[in-house]
Number of protein chains: 2
Amino acid sequence: MHHFFIPSDLIQNDSALLPAETSRQILKVLRLKNGEKICLLDNSGMGFEAELECDSSGGIVRAHVLRSYPVESEPRCAITLFLALTQREKFEWILQKSTEAGVSAIVPVFTERSLVRPEKDFSARVPRWEKIMQEAAEQSGRGIIPRLHAPLDFSEALRIGANVDCSLFFWEEETERTLRKTLEPLKPGMHSAALFIGPEGGFSATEAEQAALHGWQAVTLGKRIYRMETAALAAVILTLYELER
Amino acid sequence: MHHFFIPSDLIQNDSALLPAETSRQILKVLRLKNGEKICLLDNSGMGFEAELECDSSGGIVRAHVLRSYPVESEPRCAITLFLALTQREKFEWILQKSTEAGVSAIVPVFTERSLVRPEKDFSARVPRWEKIMQEAAEQSGRGIIPRLHAPLDFSEALRIGANVDCSLFFWEEETERTLRKTLEPLKPGMHSAALFIGPEGGFSATEAEQAALHGWQAVTLGKRIYRMETAALAAVILTLYELER
C-alpha cells in the first residue's frame, strides 16, 4: 500500500482532500484507480487507511477514511543526527538513508574540516532536501517526516546537542568506548539522543576536546573504518538496534 | 597511512616490489615521497608497514618492509552476502558498502523479481567490480578483499548458502524472528554465516518456502522498511555487531 504525508487539516472526519501534487502522483505516476486503498499520514504519528475517490475530471483526488491508527514503526527514542556538511550528493544520500533508518531530525554542521564553507547559502536547496526526506519517510513506513534544521556552527551544535538524554560523538580516534557500553546503563529512561558524525577528514583533536567539555561521549563504531556516509547510517542503525534490542 | 593490496609473491623478506598500477597511484595520484610510510597487504590477513623507495626514473616503486603484523579488523565470522541482482549503480554501491562493513564474499543471485535477467553476461564488469571492492577494502583497513562469485540461480544459491553455521533469509513478511533471537544461541561457535537479501520487489512466497526447506531462517530487520541497498548494508552491519557485541 502506498503512503502519503498530507497536511493534517485536509483530513476531516472520514474524508480527506489530497493536495494537487499528491493527486498528480496518484493519477499520473502511480496510476492508482478509484476504490484502491492508500495510507495517509498526518506527520504526527497517525496513519489513515483510505479508499480513493477519483472524480472523472482527473484533477484533485478525495479519499474516504476507513480507519485511523497510530503508526508503530516510530522509534521510542528520538535521534537527532548532527552531520558535518559535505558534498551535495553524499549529503542527500545520508538524508534519505538516515530517514529510512529512523532518525527524527537532522542538523547540518560546519566543522573544521567540512568540505563546505559557512558562507554558502543553502536555502534554495531546502525544498529539495525536504522532499527527499518525505519520500524516504513514505517509502519506509515512517509516521513522521524528520525535521531538517538550518546549518549550525560547530560550537552551537555542541551546545544544542548536549541537551538530550545521551550525546554521542563518533570519533575514529576513540577505540575503547563502544555503543553497547555507553547505551546499556542509559537505555531504560532514554527518550532522546544526539549523534555527531564528522566530515571525510574526521574531527580535529580540538573539536573532540570541545565536545567532551560539553558532555558529549566519544564512541567507536568498531574496528573497521567507515566512510563518512556509511558511518552516519551505521550510527543511526546501531543506536536504534541497541536501544530496541 | 595509505593501504595497498599487492600480490603476496612481490613481498620478499624485507623488500617489496610494487605493481605498475600501485606505483602510478603512489607517484601520480597520491604524490607520496621517498621515505613515506605505507601499509602493504597480502590479502591473507597480514599487513606490512613499509617505507617507500622511489627511484629517480619515476617508474616502479620499491618499499622497505619495517614490520609485519596480523590485521585485526577482520571479523571472526565469515559473512557471505547473497544478493539479488539489481541495477548496476545500486549493485556497485552495495559492493563498496558491504566491503567496508566487513563482508567476506558476495554472491550475485537471479531471483524471481530481480531486475536483471539470467541471459545477461557480466564477465566484462567483473574487473570493475573487483576494483571497487579492493579500494573499499584498502580504505576501510580490511585485511582481505572479499571474493566476488559468479552469479547463481536462486535454487543453487540456496543450496550453497545452506552450507554454513547460520543461513539468514531477510524477508519483509517475517515479523517475529529477530536477528538477536536467531544469533544468540549460535554465537559461541559461529564462524560462517550466509545472508540473503532480496530484490526491490522482495522475495516471492514460493522463494521463502524454498529457502525454509533448505534450512534458511527467515528474519526481520525490524519495524521500518528498508530499501534493498539499505537492507543489504544493515544486514551485514547488524549481524557483525550482534556477533561481536
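Figured I'd write up the structure that's included with this text. (Residues numbered from 1 in each chain as written. Chains lettered and ligands numbered in written order. Predicted model: local features only at pLDDT ≥ 70, side-chain atom pairs only at ≥ 80, totals over all residues. Heavy atoms only, no water.)

1. Digging into the overall build of chain A
Logical step 1: The secondary structure content of chain A amounts to 7 helices and 13 strands.
Logical step 2: Dimensions of chain A, computed from the C-alpha atoms along their principal axes, are close to 65 × 40 × 30 Å.
Logical step 3: A separation of at least 24 residues holds for 73% of the contacts in chain A among residues at least 6 apart in sequence.
Logical step 4: Accessible surface computed for chain A: about 11,300 Å², of which carbon and sulfur atoms make up 48%. (Helix = DSSP H or I, 4+ residues; strand = E, 2+ residues; numbered from the N terminus. Contact = heavy atoms within 4.5 Å. Areas by Shrake-Rupley, 256 points an atom, 1.4 Å probe, with all protein chains shown as cover.)

2. Some thoughts on helix H3 (residues 126–139) of chain B
Residue pairs spaced three or four apart in an α-helix point in one direction, given the helix's 3.6 residues per turn.
Residues and elements named next belong to chain B.
Logical step 1: Given a rise of 1.5 Å per residue, 14 residues ought to cover 20 Å, and the 20 Å separating the end C-alpha atoms of H3 matches this to within 8%.
Logical step 2: Along H3, the positions that sit buried rather than exposed are Trp-129, Ile-132, Met-133, Ala-136, Ala-137 and Glu-138.
Logical step 3: Of the residues flanking the end of H3, it is Gly-141, one or two places downstream, whose phi is positive at about 75 degrees. (Expected span 1.5 Å × (residues − 1). Buried < 20%, exposed > 50% of the residue type's maximum accessible area, 1.4 Å probe, protein only.)

3. What about the interface of chain A and chain B?
Logical step 1: Listed as interface residues are 35 residues of chain A and, on the opposing side, 35 residues of chain B.
Logical step 2: Here chain A and chain B share an interface that buries about 3,100 Å² over both sides, 49% of which is from carbon and sulfur atoms.
Logical step 3: By the criterion of area lost to chain B, the three top residues of chain A are Arg-224, Arg-227 and Arg-245 of chain A, representing 25% of everything that side buries.
Logical step 4: Our enumeration of links across chain A and chain B arrives at 10 salt bridges. (Buried area = accessible area lost by both parts, 1.4 Å probe. Salt bridge = Lys/Arg side-chain N within 4 Å of Asp/Glu carboxyl O.)

4. What to know about unusual backbone geometry
Logical step 1: With a phi angle near 50 degrees, Arg-31 of chain A is a residue other than glycine that sits in the positive phi range.
Logical step 2: You can see Arg-31 of chain A is positioned in the loop between helix H1 (20–29) and strand E4 (37–41).
Logical step 3: The exposure class assigned to Arg-31 of chain A is exposed, which follows from its relative accessible area of 59%.
Logical step 4: We note that Asn-43 of chain B has phi near 65 degrees; this positive angle belongs to a residue other than glycine.

5. Topic: the sheet that holds strand E6 (residues 61–70) of chain B
Residue and element names in this part refer to chain B.
Logical step 1: Within the open sheet, the 6 strands sit side by side as E1-E4-E5-E6-E3-E2. Their pairing is mixed. At either end of the open sheet lies a strand with only one pairing partner, and these are strand E1 (3–5) and strand E2 (11–12).
Logical step 2: Sheet topology places strand E4 (residues 37–41) next to strand E5 (residues 46–54); 5 bridges connect them, and they run antiparallel. The residue bridging Ile-38 from the neighbouring strand is Ala-50, located in E5.
Logical step 3: Packed on one face of the sheet, helix H1 (residues 20–29) meets E1, E4, E5 and E6 and runs near 165 degrees to E1. (Pairing = 2+ DSSP bridges. Axes fitted to C-alpha atoms, helices over the stretch in contact; angles between N-to-C directions.)

6. Here we look at the pattern of salt bridges
Logical step 1: Enumeration according to the criterion identifies 34 salt bridges over all chains in this entry.
Logical step 2: Between Glu-200 of chain A and Lys-90 of chain A there is a salt bridge, with its nearest N and O atoms 2.8 Å apart. Taken together, the residues Glu-200 of chain A in the loop between strand E12 (192–197) and helix H6 (205–213) and Lys-90 of chain A in helix H2 (residues 88–101) connect sequence positions 110 residues apart.
Logical step 3: Through salt bridges with shared partners, a single ionic network connects Lys-90, Glu-200, Arg-227 and Glu-229 of chain A together with Lys-97 and Glu-100 of chain B.

7. A look at the pairing of strand E11 (residues 166–170) of chain A
In the case of a regular strand, side chains alternate between the two sheet surfaces.
All names here are of chain A.
Logical step 1: With 5 of its 5 residues buried, E11 lies for the most part within the structure.
Logical step 2: Side-chain alternation along E11 places Cys-166, Leu-168 and Phe-170 on one buried face and Ser-167 and Phe-169 on a second face that is also buried.
Logical step 3: Relative to E12, E11 runs parallel, the two being bridged by 5 bridges. Its bridge partner lying in E12, Phe-170 is registered against Ile-197.
Logical step 4: Sheet analysis places E11 next to strand E13 (residues 217–219), joined by 3 bridges and oriented parallel. Pairing of Leu-168 across the sheet is with Gln-217, part of E13.

8. Description of the state of the cysteines
As used in these notes, a disulfide is a covalent bond between sulfur atoms, one from each of two cysteines.
Residue and element names in this part refer to chain A.
Logical step 1: Following the criterion strictly, the structure yields 0 disulfides over all chains and no others.
Logical step 2: Cysteine Cys-54 remains unbridged, with the sulfur of Cys-39 as its closest cysteine sulfur at 17 Å.
Logical step 3: The class for Cys-54 is partly exposed, based on a relative accessible area of 22%.
Logical step 4: Lacking any disulfide linkage, Cys-166 is separated from the closest cysteine sulfur, that of Cys-77, by 8.0 Å. (Disulfide = S-S within 2.5 Å.)

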